[in-house]
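Inside the fold
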Amino acid sequence: MAAARTSPGTTGVDGDKGNKGSDRGSGPGRFGRSVRAVGRALHLPVTTTVRGIRRAANAHGAGESGLGRLIELHAVNGAGDVMITVALASTVFFSVPTDEARGRVALYLAITMAPFTLLAPVIGPLLDRLPHGRRAAMAGAMLARALLALIIAGAVAGGSLELYPAALGVLVASKAYGVVRSAVVPRLLPPRFSLVKANSRVTLGGLLATGVAAPIGAGLQALDAQWPLYGAFVIFIAGTFLSFSLPPKVDSAKGEDRALLAADEQHLRVPRRTARGRPGLRTVGTAVTHALAANASLRCLSGFLIFFLAFLLREHPLAGANAAVSLGIVGVAAGAGNALGTAVGAWLRARAPEIIIVTVVAIVLGVAITAAVFFGAVLVTCLGAVAGFGQALGKLSLDALIQRDVPELVRTSAFARSETLLQMAWVLGGAIGIVLPLNGVLGLSVGAAIVAAGWVPTVRGLLVSARRGGSTRPRVV
């Protein structure tokens, strides 16, 4: 009886079933298995990355506090943004000769960046007045970009001018998400978890997702210019639902008030209530505003380098490479520098943030001057890496100062408003980069001047604050 128990589909009379299976393996079955193997090979990097991000995002209590959900949401945000960036870059930048591309990008900046510069100061205060709807605001930013991605896809196919107002909408929604995210992070800190460490994890999650989505977007772009936009639509729809998975405490404004960014030391005081119950003067202090000014110079340099080097390397690519490869090399260097700066910031754990800001801005300034004087491919790549490193580490140090010196009552608002100012600095740098002549020495000299303009006026104040140990904090009056 034991011998009669044969496994179905494996053996039979004279082994017929086994032979049939062998025949299938040598015919269409082999092709099917090959297709499945290729599918698994393509699927594995994505699933492995997603699992890795989720494990890291939820470690050390981040899963219980809700910070892990925010890290995942920020990863979705980064992946969707890079899909739209790939589509717009190919449509506005790579599809035409350099002179025409400059005109197109200038038009893009005029139609999108100029209105955004006017809207940016409004975004932070407006979101300050909607503290109970932060999850809805983030979901709305995701949904708006999903719908606008479809509009841009139609504009790309038909060559219509809808591309530009839709791109403006994407930009505004993206920056609004960034402002809200900065305000949300302090609400989701796990026990014994510093703000610097939390922001480091959020940033790294976004960088990893961007690194995975960028080549996927390029592959979709090779199929058709609309496919990355369809991919962005799917990603942002997922982000819309993921936004509501954040804990309800994100929408709570208990214990919060609005901040006024001011550096007038004689008015350093925390919010107080007048006889009518309205908040009095609010300020964040001198150390924070000096750190914000220094960081604004690094963010301005970032916007400048993106636009200036995009055209410079297209006209004068790196030795032995074409324009696309040259841009890719500098972009990868900047991304690697950003990731390294984020990792170093988490490792330093906000030790002497004023000294860190002064040092990193000085290093970026030194490299920018060196690259301007001895202009060359290696130094341009190094400047991209160092600028990315400095921007990441400087921003984390600014976060540490806000956490240390700003009263908890206005801390969330201070994060939102500081992020708005940094976004405006990036826009200003991009505008400068687009109008400059394509001269490497001149361009990098201007870049060095941008950094110097943020470092020279702030270095003394930051060093004084460091010597006092952050004693110039707001006081109750």
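Keep in mind it's a predicted model, so treat the numbers as computed, not measured. The numbers attached to residues start from 1 for each chain and follow its sequence in the written order. Local features in this predicted model are restricted to residues whose pLDDT is 70 or higher, and side-chain atom pairs enter the listing and the counts only when it is 80 or higher, whereas totals over whole chains, interfaces and linings include all residues. The side-chain quantities take in all heavy atoms of the structure and omit both hydrogens and water.

As for the overall build of the chain
Stated precisely, the cut-off is as follows: Strands here mean DSSP runs of E at least two residues long; helices mean DSSP runs of H or I at least four residues long; both are numbered from the N terminus. Classification of residues uses two cut-offs on accessible area relative to the type maximum, computed with a 1.4 Å probe and protein chains only: under 20% is buried, over 50% is exposed, and between them is partly exposed. Residue contacts follow a heavy-atom distance rule, with two residues in contact if any of their heavy atoms lie within 4.5 Å. We get accessible surface area from the Shrake-Rupley algorithm with a probe of 1.4 Å; when it comes to residues, only the shown protein chains can shield them.
Summing up its helical and strand segments, the chain has 15 helices and zero strands in all. When burial is assessed residue by residue, the chain has 48% of its 477 residues classed as buried. Contacts spanning at least 24 positions in sequence make up 82% of the contacts within the chain whose residues lie at least 6 apart. Total accessible area on the chain stands at roughly 21,800 Å², and carbon and sulfur atoms take up 65% of it.

So, the nonpolar core
In globular proteins that are soluble, nonpolar side chains generally tend to be buried together. Definition in use: Buried Ala, Val, Leu, Ile, Met, Phe, Trp, Tyr and Cys residues form a nonpolar core when they are joined through side-chain atoms within 4.5 Å.
By size, the foremost hydrophobic cluster in this structure holds 91 residues, and its most contacted members are Leu67, Leu70, Leu73, Ile84, Met138, Leu305 and Leu309. The element best represented in this core is helix α10 (residues 286-315), accounting for 14 residues. Ile84 has contacts with Arg145, Ala149, Val170, Leu229, Ala232 and Phe236, leaving out every residue within four places of it along the chain.

Side note on the packing of α10 against helix α12 (residues 353-373)
What counts, and what does not: Working convention: axes come from line fits to C-alpha atoms, limited for helices to the stretch in contact. Angles between N-to-C directions cover 0 to 180 degrees. Roughly parallel means an angle under 35 degrees; roughly antiparallel, over 145; roughly perpendicular, 65 to 115; everything else is oblique. Here is the rule for handedness: rotate from the far helix to the near one, and if that takes an anticlockwise turn smaller than a right angle the crossing is left-handed, while a clockwise turn gives right-handed.
Between α10 and α12, the least distance of the axes is 11 Å, while the angle of their chain directions is 25°. Comparing the axis directions of α10 and α12 gives the class roughly parallel. When you trace α10 past α12, the crossing you get is left-handed. Between α10 and α12, the contacting residues are Ala287, Ala291, Ala294, Asn295, Ser297, Leu298 and Leu301 on the first element and Glu354, Ile357, Val361 and Val364 on the second.

Regarding the pattern of salt bridges
Definition in use: Just to be clear on terms, a salt bridge is a Lys or Arg side-chain nitrogen sitting within 4 Å of an Asp or Glu carboxyl oxygen.
For the structure shown, the criterion picks out three salt bridges. Here Arg69 makes a salt bridge to Glu72, at a shortest N to O gap of 3.8 Å. Of this pair, Arg69 and Glu72 both sit in helix α4 (residues 67-94), three residues apart, which is roughly one turn of the helix. Classification of Glu72 by relative accessible area gives buried; the value is 10%.

Comments concerning the packing of aromatic side chains
Short version of the rule: The pairing test for Phe, Tyr and Trp rings, Trp by its six-membered ring, is centres within 6.5 Å, and the orientation test on the planes gives stacked under 30 degrees, edge-to-face over 60, and tilted for anything in between.
Applying the stated criterion to the full structure yields three aromatic pairs. Summarising the aromatic geometry, the rings of Trp227 and Tyr230 are spaced 5.7 Å apart at their centres and angled 90° between planes, so their arrangement reads as edge-to-face. Taken together, the residues span about one helical turn, with Trp227 and Tyr230 both in helix α9 (residues 227-243) at a distance of three residues. Here Trp227 falls in the partly exposed class, since its relative accessible area comes to 44%. A relative accessible area of 32% places Tyr230 in the partly exposed class.

Digging into the confidence of the model for the chain
As a reminder, the rule being used: One number per residue, pLDDT, summarises how confident the predictor is, and it ranges from 0 to 100.
For the chain, the average pLDDT comes to 74, and 66% of its residues sit at 70 or higher. Predicted confidence is poor over residues 1-26, with pLDDT under 50, and the contacts of this stretch with residues over four places away or in other chains come to 10 contacts. The low-confidence segment residues 471-477 (pLDDT under 50) makes 22 contacts with residues lying over four places distant or belonging to another chain.

A short note on α12
For the α-helix, the turn length of 3.6 residues means that residues three or four positions removed from each other point alike. Rules: One less than the number of residues in a helix, times 1.5 Å, gives the span that helix is expected to have.
In this model, α12 (21 residues) spans 30 Å end to end at C-alpha, consistent with the 30 Å of a helix rising 1.5 Å per residue. Among the residues of α12, those classed as buried are Pro353, Glu354, Ile356, Ile357, Val358, Val360, Val361, Val364, Leu365, Ala368, Ala371 and Ala372. The inward-facing, buried residues of α12 contact α10, α11 (323-348), α13 (377-405) and α15 (440-468).

A word on a nonpolar patch on the surface
Applied cut-off: The patch calculation keeps residues exceeding 30% relative accessible area without a salt bridge and links them within 9 Å when they carry like charges or within 5 Å when they are nonpolar (Val, Leu, Ile, Met, Phe, Trp, Tyr).
Among the surface-exposed residues, Leu143, Leu147, Leu150, Leu223, Trp227 and Tyr230 lie close enough to one another that they form a single nonpolar patch of about 570 Å² accessible area. Elements with a contribution of two residues or more to the nonpolar patch: α6 (134-158) and α9. Tallying contributions element by element places α6 first for the nonpolar patch, with three residues.

So, the side chain of Thr458
By secondary structure assignment, the location of Thr458 is in helix α15. Using a relative accessible area of 3% as the deciding quantity, one classes Thr458 as buried. Those residues within four positions of Thr458 in sequence are excluded, and the remaining contacts are His290, Ala293 and Ala294.

Some remarks on the environment of Ile237
Considering the arrangement of structural elements, one finds Ile237 in helix α9. C-alpha of Ile237 to C-alpha of Gly80: the two residues are 157 residues apart in sequence and 9.7 Å apart in space. Residue contacts for Ile237: discarding those within four places in its chain leaves Leu143 and Ala146.

Some remarks on the environment of Gly447
For Gly447, the location among the structural elements is in helix α15. Since its relative accessible area comes to 2%, Gly447 is described here as buried. For Gly447 and Val364, which are 83 residues apart along the polypeptide, the C-alpha to C-alpha distance reads 10.0 Å. Leaving out residues up to four positions away in the same chain, Gly447 has contacts with Leu301 and Phe304.

Here we look at the packing of α12 against α15
Under the convention used in this document: The residue classification treats Ala, Val, Leu, Ile, Met, Phe, Trp, Tyr, Cys and Pro as nonpolar and Asp, Glu, Lys and Arg as charged. All others, Gly included, are polar.
Put simply, α12 and α15 touch, their axes get as near as 8 Å, and they point 160° apart. On the basis of the axis angle, α12 is roughly antiparallel to α15. Remark: the crossing between α12 and α15 carries left-handed chirality. Seen from α12, the contacting residues are Glu354, Ile355, Ile357, Val358, Val361, Ala362, Val364, Leu365, Ala368, Ile369, Ala371 and Ala372; seen from α15, they are Val441, Leu444, Ser445, Ala448, Val451, Ala452, Trp455, Val459, Leu462, Leu463, Ser465 and Ala466. Of the residues assigned to the contact of α12 with α15, the class counts are 21 nonpolar, two polar and one charged.

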